[in-house]
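Single-letter residue listing:
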Amino acid sequence: MTGAPVGGTAHRKRVAIGSAVGTTVENYDFIGYGTAAALYFGVAFFEATDPFTATLLSFATLGVGFAARPIGGIIGGYLGDKIGRKPVLIYSLILMGVSTFAIGLLPTYAQVGILAPILLVTVRIIQGLAFGAEWGGAILMTFEHAPWRKKGQYTAIPQAGFPLGLLLANLAFLASAALPGDWAWRVPFLLSSVLIGAGLYIRLKVEESPDFEQIKEQGEIVKNPLIEVLRTDWRNLVRAVGLRIAETAGYAISITYVTSYLISAELADRPTTILAIVVAALFGFPATLFWGWLTDRIGRKPVYLFGTGFMVLFGVPLFLLVNTGLVGVIVVTFVLSFAVAQNSLAGTQGSWFAELFSAKTRTSGASLAYQFSAIISGFTAAIALALYGAFGFWGPAILFSAYGLIGFIAALSTKETWGAERRAEVARLEREAVEA
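Keep in mind that this is a model prediction, so the values were computed, not measured.

Thresholds applied
- Residues numbered from 1 in each chain as written.
- Predicted model: local features only at pLDDT ≥ 70, side-chain atom pairs only at ≥ 80, totals over all residues.
- Heavy atoms only, no water.
- Salt bridge = Lys/Arg side-chain N within 4 Å of Asp/Glu carboxyl O.
- Helix = DSSP H or I, 4+ residues; strand = E, 2+ residues; numbered from the N terminus.
- Buried < 20%, exposed > 50% of the residue type's maximum accessible area, 1.4 Å probe, protein only.
- Phe/Tyr/Trp six-rings, centres within 6.5 Å; stacked < 30°, edge-to-face > 60°.
- Contact = heavy atoms within 4.5 Å.
- Polar contact = N/O pair within 3.5 Å; in protein donor to acceptor, adjacent residues only side chain to side chain.
- Core = buried A, V, L, I, M, F, W, Y, C linked by side-chain atoms within 4.5 Å.
- 1 Å grid on protein atoms, 1.4 Å probe; cavity = no way out; pocket = protein on both sides within 12 Å on 5 of 7 lines; lining within 4 Å.
- Points joined across faces, edges and corners; volume = space filled by probe spheres on them.
- Nonpolar A, V, L, I, M, F, W, Y, C, P; charged D, E, K, R; others polar.

In this section: the pattern of salt bridges. As enumerated under the stated definition, the model contains twelve salt bridges in all. Residues Asp182 and Arg186 are paired through a salt bridge, measuring 4.0 Å at the closest nitrogen-oxygen approach. Note that Arg244 is salt-bridged to Glu247, the shortest N-O span being 2.1 Å. On the criterion of helical spacing, the pair formed by Arg244 and Glu247 is a turn pair, its members being three residues apart in helix H11 (residues 234–264). Here Arg244 falls in the buried class, since its relative accessible area comes to 3%.

Considering all chains together, one arrives at 20 aromatic pairs under this definition. Aromatic pair Tyr40 and Phe173: ring centres 6.2 Å apart, planes at 20 degrees, arrangement stacked. Of this pair, Tyr40 sits in helix H1 (residues 12–45) while Phe173 sits in helix H7 (residues 161–176); the two residues are 133 residues apart in sequence, bridging distant segments of the chain. Taken individually, Tyr40 and Phe173 each receive the classification buried, so the pair is uniform in this respect. Between Phe173 and Phe189, the ring centres sit 6.0 Å apart and the planes meet at 85 degrees, which makes this aromatic pair edge-to-face. With Phe173 in helix H7 and Phe189 in helix H8 (residues 183–203), this residue pair connects regions lying 16 residues apart in the sequence.

Moving on: the environment of Ile274. Counting through the fold element by element, Ile274 comes out in helix H12 (residues 270–298). We classify Ile274 as buried; its relative accessible area is 1%. Separated by 164 residues in sequence, Ile274 and Ala110 place their C-alpha atoms 26 Å apart. Excluding residues that lie within four positions of it along the chain, Ile274 makes contacts with Leu39, Asn170, Phe173 and Leu174.

Structurally, the position occupied by Thr142 is in helix H5 (residues 115–145). Here the side chain of Thr142 touches Ala138 through a polar contact of 3.0 Å, landing on its backbone oxygen. The residues contacting Thr142, other than those within four sequence positions of it, are Val15, Ala16, Ser19, Tyr154, Thr155 and Pro158.

Ranked by internal contacts, the top residues of the largest apolar core, which has 97 residues, are Phe41, Phe45, Trp185, Tyr257, Phe319 and Phe334. Among the elements that line this core, the one with the most residues is H11, at 14 residues. Val15, Leu89, Ala138 and Met141 belong to the second largest nonpolar core, which has five residues in total.

Below, the discussion takes up empty space enclosed by the protein. Picture a little ball the size of a water molecule; that probe, rolled over the atoms, points out where space is still empty. By the definition in use, this model includes one cavity of 30 Å³ or more. By volume, the largest cavity amounts to about 360 Å³. Lining the largest cavity are 29 residues, and of these Asn27, Phe30, Ile31, Phe162 and Tyr251 lie nearest its centre. Contributions of two or more residues to the lining of the largest cavity are made by H1, helix H2 (51–82), H5, helix H6 (151–159), H11 and helix H14 (327–356). Of the residues assigned to the lining of the largest cavity, the class counts are 15 nonpolar, nine polar and five charged.

Structure (structure tokens):
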């Protein structure tokens, strides 16, 4: 099953924590951009004569970063299967850190005109490349070091870097909201340099994957892992893209778009909206760990069917709830959107995606599946905004449910990799290893 012992390697916890620190930093950087795009970038980087158009253009730059992620996933996945998981983890973190810090230094439209959005798009593309390369290495390093019977629990740890990064990014924006002028959005990006240094220090101490080392020793490294996974595992790749779209596109509507919607519809002010995201992230961190733990007990598929089924039913209620304009109701809605809908899927993906592909092409397969969905998901906030202009809140509400339905159908058609029979077999092997 894996190059690691049945109980995992001696470094399993350090690897999981090191991967989680890195994913936290990268999500702080990437998600911080989404918050800034919703609240500030429309005015800062585009001619602000039409607020609707400026916000739409701002969300389009958000989508550019997502569109670049598949290219990063291709590069990172290929290198992860050819030269190892660890180098990809280190260099993707450096690239993300440099590009994010640069955002905090960019001139605005008022200062340099059309050059401002051009620079913004350029840096955003670099962010997307780095983020696309990062995920596969972080998750698979953790998966391949983890105990066989706790791979869901362990891979949920770096996945929890998403809500933790979301929390830190929005705390930074909440703290900087009172700063004058552009400093309100510049400071959170500049502060990322501190997190990058901490993440890089820990990742340099992480050991290489035992699965990769085993493949390397046996001379079984695939000549072109990208072509191999497309040739032999394209069906799993398509299914995993469907699974991933539900999670990331659902987040783009329920958090990124709704953040802008609350402000533009005058249902909440910026501090209240950011506070709602912060509370949701506080719940999201333990929720992601819980969902990962649950997949080890009942399987990957049931958890995913629950999360996507919830999305299908929650689309219209999501907007009816935030339309009340009541702070408490808005906060609860964000918590449900994040801790239940998004985190149940994210907490499952690390282990399920890794188990769908062989160790020889695992980084390429999982990375491609994870990042290709970003092409659609990255422009979802802009699509939701356009649908709102045409149909009111019903447009983005139905789109949210539609993404959930795509994920539900994909989950039904994807094999269970951790069923009752397999769980019993691994439990037996674990007992035998302890007795020996």
